[in-house]
Amino acid sequence: MPGLLRGVARTAVVAGTATAVSNRVSRRQAGRWAQQDYEQQAPQPAYQPPPTQPVEDEMTARIGQLKELAELKAQGVLTDEEFEAQKRRLLA
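Residues numbered from 1 in each chain as written. Predicted model: local features only at pLDDT ≥ 70, side-chain atom pairs only at ≥ 80, totals over all residues. Heavy atoms only, no water.

Visitor: Sorry, what's going on with the overall build of the protein chain here?
Guide: Regarding its fold elements, the protein chain presents three helices and zero strands. Ordered by position in the sequence, the α and β elements of the protein chain form the string α-α-α. Each of the three principal axes of the protein chain carries a C-alpha extent, and together these read 100 × 40 × 15 Å. For the protein chain, the residues scored as buried account for 4% of the 92 residues in total. Summed over its atoms, the accessible surface of the protein chain is roughly 8400 Å², and 58% of this surface lies on carbon and sulfur atoms. When the 12 basic and 11 acidic side-chain charges of the protein chain are each reduced to a single mean position, those positions are 25 Å apart. (Helix = DSSP H or I, 4+ residues; strand = E, 2+ residues; numbered from the N terminus. Buried < 20%, exposed > 50% of the residue type's maximum accessible area, 1.4 Å probe, protein only. Areas by Shrake-Rupley, 256 points an atom, 1.4 Å probe, with all protein chains shown as cover. Lys, Arg positive; Asp, Glu negative; His and termini not counted. Charge placed at Lys NZ, Arg CZ, Asp CG, Glu CD.)

Rendered as structure tokens:
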């Protein structure tokens, strides 16, 4: 008889643990689904294209970079070939 009670008690513990784990998994999954539903129903912001730089600002930046390259060439840091290659890269 003690062996039978021990087996029944062990079965009850295993079944109780399995039920508790199953319930916790179910609650967690339901919470995830609720969050997904909420995110899908929330109003989405309208698409806003990224701001574009005015052409003048781009040209001003390129001119500044060309001046810096010319200064480096004048100082002897850049060779004529390096200067021409960087100039082509900037103007491309």
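Visitor: For this particular structure, what's the right way to read the pattern of salt bridges?
Guide: Opposite charge on two side chains allows them to pair when their charged atoms are near. Tallying each qualifying case throughout the model produces two salt bridges. The partner of aspartate 80 in a salt bridge is lysine 73, with the nearest N and O atoms 3.4 Å apart. The residue glutamate 84 makes a salt bridge to lysine 87 at a minimum N-O spacing of 3.6 Å. Of this pair, glutamate 84 and lysine 87 are both found in helix H3 (residues 80-91), three residues apart, which corresponds to roughly one turn of the helix. (Salt bridge = Lys/Arg side-chain N within 4 Å of Asp/Glu carboxyl O.)

Visitor: Just to check I follow, could you spell out the environment of arginine 27 for this structure?
Guide: Along the chain, arginine 27 falls in helix H1 (residues 2-41). Arginine 27 sits in the exposed class, given a relative accessible area of 56%. For the pair arginine 27 and arginine 88, spaced 61 residues apart in sequence, the C-alpha to C-alpha distance is 62 Å.

Read these as spatial facts, not as claims about activity.
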